[in-house]
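Inside the fold
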Amino acid sequence: MLSKEKAKLLLVLHAHLPFVREPRHERFFEENWLFEAITETYIPLIQTLRRMNEKGIPGTLNLSISPPLLHMFSDALLIKRYTKHLQQLLILSEKELERAKSDRAVLEVARFYNSRLRSISYIWSEIRADLISAFAALEKTGKLNLFTCVGTHPFLPAYQSDLGSIRFQLALTVKAFEKAFGQKPKGLWIPECGYFDGLDALIQESGFEYFFLETHGVLLARPSPEYGVYQPLRTTAGTVCIGRDQSSSAEVWSRKDGYPGHPEYREFFRDIAFERGRDYLGDYFYAGENPIETGFKYYRITGEESKKIYEPWRAFNLTATHAARFLSHREATAAKLSPLMKETETPWISCPYDAELFGHWWFEGPQFIEALFEKAAASSYLEMASAAGMPGAASRKKRYVPAFSSWGEGGFGSVWINSETEWIYPLYYQMRSCFRECRSEKKLSAASKELLAQMAREIALFMASDFAFLIHNQSSKDYAEARLREHYNSFMILYHAFRDGETASKEVKEIMEKDNIFPWLQEKEYRLLF
């Protein structure tokens, strides 16, 4: 093994949240999803990667950022509101310091949160509230490989009978990334890893060089891959894909045995929002009568009903142990596979996760990443690699046909296409039919073209897989159904305004202000829907 090139370990994080923007209300509950992710995942990732760069730790983290997130990162209203949110958290942290004076153990955690929020506030100020530029700067150092995800995150197999809609979403994908980073994306995260036969040709057509698949999408490929998921495959269309290593997934995702469930780590479900009361927290941390999570959590998982006080430094120290264990298992895989491969071949091990797992759901996740890279730097067997190298590692002679697959429950499409969600797709096709009807008119005014562009935005937002996922999981089901019907109703308002020539009504203006994603969208993109 040592005489060969080191195996490649791909740590892949997929960053995505559904598009949320509500200018009609000063405080909107769902915007907190974005604010939590910025505070607990995105800025901590920037801090982690900067430390790694300062210490000279080699290796590259692969980060996919979805187009909705790219827009929200640069939306002036959301940036202003997050800045206020951070200020409110700092004020609350000072109150917590005062409250915890009589309890030494709790006071230590309160001091930790206060210091941490001051650091995050400093970074936010230093990068001038510009996460996109901060990530771009890290890519220039070699610490990041940036790529993206399809459009508004649709589950593509649900739309395979309508290839125009998929081409439309892919066009949005390329332009959103190019607008953000000044270059076309080379890599693609397929939403929910949802793949169907022939999708690779559409991906290749849009200029992408590589993408990621669920494990069985590769294992069931034709012909059967010699090394399973441990080598990039070139598809019949010429693009390159790689499948997820299931063992590395289980070590992190498993509810029973995954690292984030260790008793020393922070308990996610004990936030002070549900313990302090409105008089103490203030109106800012309430949406109507419902408390909004603050991120102040004082307990560790413990494994018992009586939770023990969280000890941050013990938890952070534990991440080094788990990182070492994770790395040793990947090294064992590489050591087993390498002798079976040709001299010119080396194992590639793909370990993809939702980015928000690291920091938000698993508070200590960013420290785990840093420890993993540190330990991999001393490994004789593998290195933390950029996925941009996958096309060079794939055979140019052999071609494969990946199998229909997803990383959802059951491995196929039942999470997004089932008896609870079957009402969604007829509404989508009705919108498509109405859109085509409007576009069939030969002479269009500038105002009519703006209406068409907004109708296309509503179609794109309606297609997001997040809503069907929430409905199936019975998690925020009412919200998900309301969002779908809202985009449908907004589309129909726009449609009737188009038919009646009422292009500047109050309702139309409110829809355009609220759903302002892809502000550059023009006929070049939406014509693909015809």
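Residues numbered from 1 in each chain as written. Predicted model: local features only at pLDDT ≥ 70, side-chain atom pairs only at ≥ 80, totals over all residues. Heavy atoms only, no water.

**Digging into the side chain of Gln47**
- Take Gln47: it is sitting in helix α1 (residues 31-54).
- Gln47 sits in the buried class, given a relative accessible area of 16%. (Helix = DSSP H or I, 4+ residues; strand = E, 2+ residues; numbered from the N terminus. Buried < 20%, exposed > 50% of the residue type's maximum accessible area, 1.4 Å probe, protein only.)

**A word on the nonpolar core**
- If you look at the biggest cluster of nonpolar residues, it comprises 165 residues, and the most contacted ones within it are Trp124 and Phe135.
- Apart from residues no more than four positions distant in its own chain, Phe135 is found in contact with Tyr42, Ile46, Leu63, Ile65, Phe73, Leu144 and Leu146. (Core = buried A, V, L, I, M, F, W, Y, C linked by side-chain atoms within 4.5 Å. Contact = heavy atoms within 4.5 Å.)

**Here we look at the environment of Glu383**
- Its location among the elements puts Glu383 in strand β11 (residues 382-384).
- The class of Glu383 is partly exposed, set by a relative accessible area of 31%.
- On a C-alpha basis, the gap between Glu383 and Gly277 in space is 49 Å, while along the polypeptide they are 106 residues apart.
- Not counting chain neighbours up to four residues away, the residues in contact with Glu383 comprise Lys6, Ala7, Lys8 and Leu9.

**Comments concerning the packing of helix α2 (residues 67-74) against helix α5 (residues 131-141)**
- For the pair α2 and α5, the least separation of the axes is 8 Å and the interaxial angle reads 115°. Residues Leu70, Phe73 and Ser74 of α2 form the contact with α5, whose participating residues are Leu131, Ile132 and Phe135.
- Broken down by class, the residue content of the contact of α2 with α5 amounts to five nonpolar, one polar and no charged. (Axes fitted to C-alpha atoms, helices over the stretch in contact; angles between N-to-C directions. Nonpolar A, V, L, I, M, F, W, Y, C, P; charged D, E, K, R; others polar.)

**Re the domain arrangement of the protein**
- Taken as a whole, the protein is organised into domain 1 (9-395) and domain 2 (424-529).
- Here domain 1 and domain 2 have C-alpha centroids that lie 29 Å from each other.
- Facing the 33 residues of domain 1 at the interface are 29 residues of domain 2.
- Between domain 1 and domain 2, the buried area comes to about 2,800 Å², and carbon and sulfur atoms account for 63% of it.
- Its largest share of buried area at the contact with domain 2, domain 1 owes to Phe19, Tyr159 and Phe168, together 24% of the area lost on that side.
- The closest approach of N and O atoms between Arg24 and Glu486, which form a salt bridge, is 3.8 Å.
- On the surface where domain 1 and domain 2 come into contact, there are 13 residue pairs in polar contact (both at pLDDT 80 or more).
- Of all the secondary-structure elements, those providing two or more residues to the side of domain 1 that touches domain 2 are α2 and α6 (163-181). (Domains from an automatic or database assignment. Buried area = accessible area lost by both parts, 1.4 Å probe. Salt bridge = Lys/Arg side-chain N within 4 Å of Asp/Glu carboxyl O. Polar contact = N/O pair within 3.5 Å; in protein donor to acceptor, adjacent residues only side chain to side chain.)

**A short note on a nonpolar patch on the surface**
- Together, Leu219, Leu220, Phe404 and Phe412 make up a nonpolar patch on the protein surface, roughly 360 Å² of accessible area in all.
- Considering the arrangement of structural elements, one finds Leu219 in helix α8 (residues 215-219).
- Owing to a relative accessible area of 44%, Leu219 belongs among the partly exposed residues under this scheme. (Patch = residues over 30% accessible without salt bridge, like charges linked within 9 Å, V, L, I, M, F, W, Y side chains within 5 Å. Areas by Shrake-Rupley, 256 points an atom, 1.4 Å probe, with all protein chains shown as cover.)

**Let's talk about the side chain of Lys297**
- Its place among the elements puts Lys297 in the loop between β9 (290-291) and α11 (312-337).
- Residue classification places Lys297 among the buried positions, given a relative accessible area of 1%.
- A polar atom in the side chain of Lys297 sits 3.3 Å from the side chain of Asp271.
- Look past the residues within four positions of Lys297 in its chain and what remains in contact with it is Val109, Tyr113, Arg266, Glu267, Phe268, Arg270 and Asp271.

**Quick look at the pattern of salt bridges**
- The full count for this structure, using the stated rule, is 35 salt bridges.
- Close ionic contact of Glu226 with Lys398 constitutes a salt bridge, the shortest N to O distance being 3.7 Å. Placement of the pair is Glu226 in the loop between α8 and β6 (233-234) and Lys398 in the loop between α13 (390-393) and α14 (424-439), with a sequence separation of 172 residues.
- Assessed through its relative accessible area of 42%, Lys398 is described here as partly exposed.

**Remarks on the environment of Tyr159**
- Secondary-structure assignment places Tyr159 in the loop between β3 (144-149) and α6.
- Between the C-alpha atoms of Tyr159 and Ser119, which are 40 residues apart in sequence, the distance is 44 Å.
- Discounting chain neighbours no more than four positions away, the residues touching Tyr159 are Pro154, Ser165, Ile166, Tyr425, Tyr428 and Met463.

**Some points on the pairing of strand β7 (residues 240-243)**
- A two-sided burial pattern is seen for β7, the buried positions comprising Val240 and Ile242 on one face and Cys241 and Gly243 on the other.
- As defined by bridge partners, strand β5 (residues 210-213) adjoins β7 across four bridges and the pair is classed as parallel. Counterpart to Phe211 in the pairing with β7 is Cys241.
- Here two bridges tie β6 to β7, and the two strands are oriented antiparallel to one another. (Pairing = 2+ DSSP bridges.)

**A short note on the pairing of β3**
- Of all six residues in β3, six are buried; the element is thus mostly enclosed.
- As paired elements, strand β2 (residues 61-65) and β3 share five bridges and run parallel to each other. Residue pairing in the sheet places Leu63 in a bridge with Leu146 of β3.
- After leaving β3, the chain enters α6 and then returns to the sheet as strand β4 (residues 187-189), a path that is right-handed. (Right-handed = clockwise from strand over helix to strand, strands pointing away.)

**Comments concerning unusual backbone geometry**
- The omega angle of the peptide bond from Arg222 to Pro223 is -10°, so this bond is cis rather than trans.
- With respect to the secondary-structure elements, Pro223 resides in the loop between α8 and β6.
- Here Arg128, not a glycine, exhibits a phi torsion of approximately 55°, which is positive.
- By secondary structure assignment, the location of Arg128 is in the loop between α4 (104-126) and α5.
- Relative accessible area serves as the criterion here: at 76%, Arg128 is assigned to the exposed category.
- Residue His153 is not a glycine yet carries a positive backbone phi of 75°.

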